[in-house]
Structure formats: structure tokens, C-alpha cells
Amino acid sequence: MKTALITGVRGQDGAYLSQLLLSKGYEVYGADRSGDSGLWRFRELGIEGRVKEVYLDILELSNIMDVMEKVRPDEIYNFAAQSFVQTSFEQPILTAEINAIGVARLLEAARKVCPGARFFQASTAELFGGTGAAPKSEGTDFHPKSPYAVAKLYAHWLTVNYREAYGLHASCGILFNHESPMRGEEFLTRKISLAAARIKKGAQEKVAVGNLEGRRDWGYAVEYVDAMWRMLQQPKAGDYVLATGETHTVREFIEAAFAAAGLPLRWEGKGVEERGVDADGKTRVEVSKEFYRPTEVECLTGDAAKARAALGWKPATGFKDLAALMVAADMKRLEEKR
Ligand code: NDP
Ligand code: GDP
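Residues numbered from 1 in each chain as written. Chains lettered and ligands numbered in written order. Predicted model: local features only at pLDDT ≥ 70, side-chain atom pairs only at ≥ 80, totals over all residues. Heavy atoms only, no water.

Asker: What is the right way to look at the packing of helix α3 (residues 61–71) against helix α5 (residues 92–113) in this model?
Answerer: Helix-helix packing: each pair is described by the crossing angle between the helix axes and the interaxial distance. Across the interface, α3 lies against α5 with an axial gap of 9 Å and an inter-helix angle of 40°. When the axes of α3 and α5 are compared, the pair comes out oblique. Judged by the twist between their axes, the crossing of α3 over α5 is right-handed. Counting all contacts with α3, which are made through L61, I64, M65, M68 and E69, the residues of α5 involved are R105, L106, A109, A110, K112 and V113. In the contact of α3 with α5, the residues fall into eight nonpolar, no polar and three charged. (Axes fitted to C-alpha atoms, helices over the stretch in contact; angles between N-to-C directions. Helix = DSSP H or I, 4+ residues; strand = E, 2+ residues; numbered from the N terminus. Parallel < 35°, antiparallel > 145°, perpendicular 65-115°, else oblique. Left-handed = near helix turned anticlockwise from the far one by under 90°. Contact = heavy atoms within 4.5 Å. Nonpolar A, V, L, I, M, F, W, Y, C, P; charged D, E, K, R; others polar.)

Printed below as a string of C-alpha cells:
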């Protein structure tokens, strides 16, 4: 039986990866900070009580070393992060402590305590930021455009460096946006699926969003954690883009989600005056400057050819199906709450 240590286990990817590894017979140690935030994900996925919980704050080296001594993992997946781009503009230093130096602490601890363990780092498509070429692949230059992405860039290169310098089996997944009913409510897709469900059920009037023109390559998180696991099964470590290869605007996601909720929208007005209006003429979506970012990554599309060839990985869930399954899950939750 293999042993895995997952940091940031109570987030979206941590919960899905736990489910996957448990189904493969792994002993799964889930590391996170205390409190009960995120435990709802384990409950919904039916894995509550099956993940061995260990307290781990990625800000504290001795804590990380103690956990590694105790668990002696075969595989380490690092998801722990301040993962919200917008917050990184308000908390750039904390974001760097967690997303950049936190990974230095983890790699140092792994090198000292369990150098044979295979290591996965959650890198991000945000690393590409403003670079013009599309779609992005492993060879595309990086130009991060937020404190979040700059911190993740340090972590990315440090992971590569520990592989080259010390021979650690350390791999980075350059992850394009991946979403699901387990996504945090602050992210665009989940904010919209929840709002569409609540508006349909009469529990909310409308929702305010930022840049409608932002384009993302949105995939389904369940499929992405499978690719992460595949990376660590390779004889040699490496870095892989995970993406669908399709890009859609925020506007298109909103349209797809509201249509799935049975509330098709039309658009009226321009710029911050633009509104999404339903068949009864009611404004359901409005634009607010509050959700604009000081610098925006306008467009992301990835080329996952390397992952397809080397890992045999191919995303299957399409854009509209993703929006629909997220809305259906939020509808169901609202119905069950009643
Ligand atoms: P989530 O935000 O859902 O999960 C992140 C987890 O990290 C949370 O459980 C959080 O706990 C934990 N965490 C935060 N700070 C610390 C800390 N100091 N010590 C220990 N744990 C901490 O992210 P996702 O599951 O969506 O993403 C997983 C990883 O993949 C992240 O690193 C993210 O940056 C990266 N990524 C994700 C993408 C996506 O589309 N989902 C795209 C590209 C990269 P708490 O709730 O207590 O804060
Ligand atoms: P990100 O790609 O990691 O920043 O994921 P997000 O889900 O936070 O944002 C995806 C895109 O949606 C970005 O282009 C955002 O600027 C855009 N966006 C527009 N309105 C909103 C909003 O209200 N909330 C969030 N989170 N993003 C929004």
C-alpha cells in the first residue's frame, strides 16, 4: 500500500485527489490547518473519516518536518496555497509566504526527511500571464501578472531546481483553470453556478461580476487530479501543461450557467453599464468595478499535447457540460437545505 501526503487537502483538488487515491488503495494523509473549513467536501464525496488528518501549516518548517517524519510518504502533493488571484493584490506578502517560501520549506523538508518521495507542485497557467502566444505549452515564456502568479513562479522554478540539483522526483503541473461543484465560492465559475441556482429558486435577485471579457481555459477538476497522479507514476519527473485547449469568455460561462438553470439571458448596455437580463426583463447580472483586477490575464488557452502523449491523459468534459453539472449540484444543495 502506498502512502500519500496531500497538503491543502480540504480544498477542491485535495478532496478529489483524496477520493481518487483512496479508490486506488492508498493510505492518504491529509494535511491542512485546523478548523472545519472544507470538511463539507469530504462529506459530499463520501470520504469523511477516511483521510488521516494531520495538522500542517506551510508557514512553519518544523511542523512540516514533523509531519514528514511521521507519515514517511511515497508521494507528496502540494496544493496548499493562497489560491485566489484577487486576494493576492490585497495580501501580496502573505501570498508570497505561502505560495513561494512555503514551497521552499516543503522541498527542504522533503530533501532532508524523505528524499525518495515523489513530489507534485501545483503550478498555474497564471505563470504565462501576459505572453502573447496561444495556446501555451511547456516551452512558452512566463510573464506573471499578479502577486499570486509571481509567487507561484518562484515555487515552479524551485521545484525544477530541486529536481535538477538534488535529483528529487519533483514534477509541476502547469494547471489551467479547473472547476467543479467543489470549487470555492469566490472563483468565477462557482460564484455564477451558485448565483444562477439561487436566482432560479428565488433566493437571490442578481449577481455582480467584473471583467466579462476575461477568457479562460476551463476544465473539470476530477479529470485534472487524475493527471496529477499519472505524473507521479512516471519513471522520470517532469512538467506538464494540463488544459482543455478551448477558451471561453466569462460572459459565455455566465450564459451557459444561466441557460442550464432555465434562465436564458440577453445582454444590454456597454462597459460597467452592461447587464444580463432574463426573459421577464429582470436584471440578473450586473458589472461592478469591485471585481476588476489591477492587472488582468486577458486570455488563457493551453496545449496539453505533452500530457496526452506521455500520460495518456485527455480531458473529456466539455465547457457547457461543466457549467451544467455545477449548476445542477448547486440546485440540488439548495433543494436539500429546504
Ligand atoms: P483551494 O483554494 O480550494 O485549496 C487550497 C488549500 O490550501 C485550502 O485547503 C487552504 O486551507 C490551504 N492553505 C492555505 N494556506 C495554507 C497554509 N498556510 N498552510 C497549509 N494549508 C494552507 O485550491 P484548489 O484546490 O482549487 O487548487 C489546488 C492548488 O492548485 C492550489 O495550489 C492552487 O493555487 C493551484 N491551482 C489551482 C487551479 C484551479 O483552477 N483550481 C489552477 C492553477 C493552480 P484554508 O481553507 O484553511 O485556507
Ligand atoms: P483565476 O483565473 O484564477 O483568476 O480564476 P477566477 O475564477 O477568480 O477568475 C477567472 C476570470 O473571471 C478572470 O478573468 C476574472 O477577472 C474574471 N471575473 C470576472 N468577474 C469575476 C468575479 O466576480 N469574480 C471572480 N473571481 N472572477 C471574475
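There is more to say after this.
Asker: I would appreciate a short explanation of the site of ligand 2 in the present structure.
Answerer: Ligand 2 sits among 17 residues. The nearest are K191, G210, R216, R293 and E296. One of the side-chain nitrogen or oxygen atoms of E126 is found 3.2 Å away from an oxygen atom of ligand 2. One nitrogen or oxygen atom from the main chain of E186 is found 3.0 Å from a nitrogen atom belonging to ligand 2. Its free accessible area being 530 Å², ligand 2 has 97% of it covered by the protein chains. Considered class by class, the residues forming the shell around ligand 2 number seven nonpolar, four polar and six charged. (Near = heavy atom within 4 Å. Polar contact = N/O pair within 3.5 Å; in protein donor to acceptor, adjacent residues only side chain to side chain. Areas by Shrake-Rupley, 256 points an atom, 1.4 Å probe, with all protein chains shown as cover.)

Asker: What should I look at first to understand the packing of helix α7 (residues 188–200) against helix α9 (residues 250–260) in this one?
Answerer: Between α7 and α9, whose axes approach to 9 Å, the crossing angle comes to 35°. The element α7 and its partner α9 pack so that their crossing is right-handed. Between α7, through L188, T189, I192, A196 and I199, and α9, the contact on the second element is made entirely by V250, F253, I254, A257 and F258. Across the contact of α7 with α9, the residue classes break down as nine nonpolar, one polar and no charged.

Asker: Please explain the packing of aromatic side chains as it appears in this structure.
Answerer: Under the defined criterion, the tally for this structure stands at 11 aromatic pairs. Put simply, the rings of F128, F142, W157 and F176 pair up and form one aromatic cluster. Positioned over the ring face of F187 is R183, at 3.7 Å from the centre of the ring. In this structure, K306 packs its charged tip against the face of Y240, placed 4.5 Å from the ring centre. (Phe/Tyr/Trp six-rings, centres within 6.5 Å; stacked < 30°, edge-to-face > 60°. Lys NZ or Arg CZ within 6 Å of the ring centre and 35° of its normal.)

Asker: Explanation requested: the site of ligand 1 in the structure shown.
Answerer: The local shell around ligand 1 holds 26 residues, among which D13, R33, S83, Y148 and K152 are the closest. At 2.7 Å from an oxygen atom of ligand 1 is found a side-chain nitrogen or oxygen belonging to Y148. The contact in question runs from a nitrogen atom of ligand 1 to an N or O atom on the side chain of R183, over 3.0 Å. For the shell around ligand 1, the elements supplying multiple residues, two or more each, are α1 (12–23), β5 (118–124) and α6 (147–166). For the shell around ligand 1, the leading source of residues is β5, giving three residues. Residue classes in the shell around ligand 1 are distributed as 10 nonpolar, nine polar and seven charged.

Asker: Quick question: what am I supposed to make of the pairing of strand β4 (residues 75–78) here?
Answerer: Each regular strand displays side chains that alternate between the two surfaces of the sheet. Of the two faces of β4, both are covered, the one formed by E75 and Y77 as well as the one formed by I76 and N78. The pairing of strand β1 (residues 3–7) with β4 spans four bridges and is parallel. Note that in β4 the partner of I6 across the bridge is Y77. Looking at chain direction, β4 and β5 are connected through four bridges and run parallel. The residue bridging N78 from the neighbouring strand is Q121, located in β5. (Buried < 20%, exposed > 50% of the residue type's maximum accessible area, 1.4 Å probe, protein only. Pairing = 2+ DSSP bridges.)

Asker: What should I look at first to understand α7 in this one?
Answerer: Working note: α-helix, 3.6 residues per turn, so residues spaced by three or four point in the same direction. End to end, α7 covers 18 Å across 13 residues, agreeing with the expected 18 Å (1.5 Å per residue, within 8%). Where burial is concerned, most of α7 is hidden: 10 out of the 13 residues are buried. For α7, every residue scored as buried is listed here: T189, R190, K191, I192, S193, L194, A195, A196, A197 and I199. In this structure, the buried side of α7 is in contact with α2 (39–45), β7 (178–179), β8 (207–209), α9, β15 (283–287) and α11 (319–337). (Expected span 1.5 Å × (residues − 1).)

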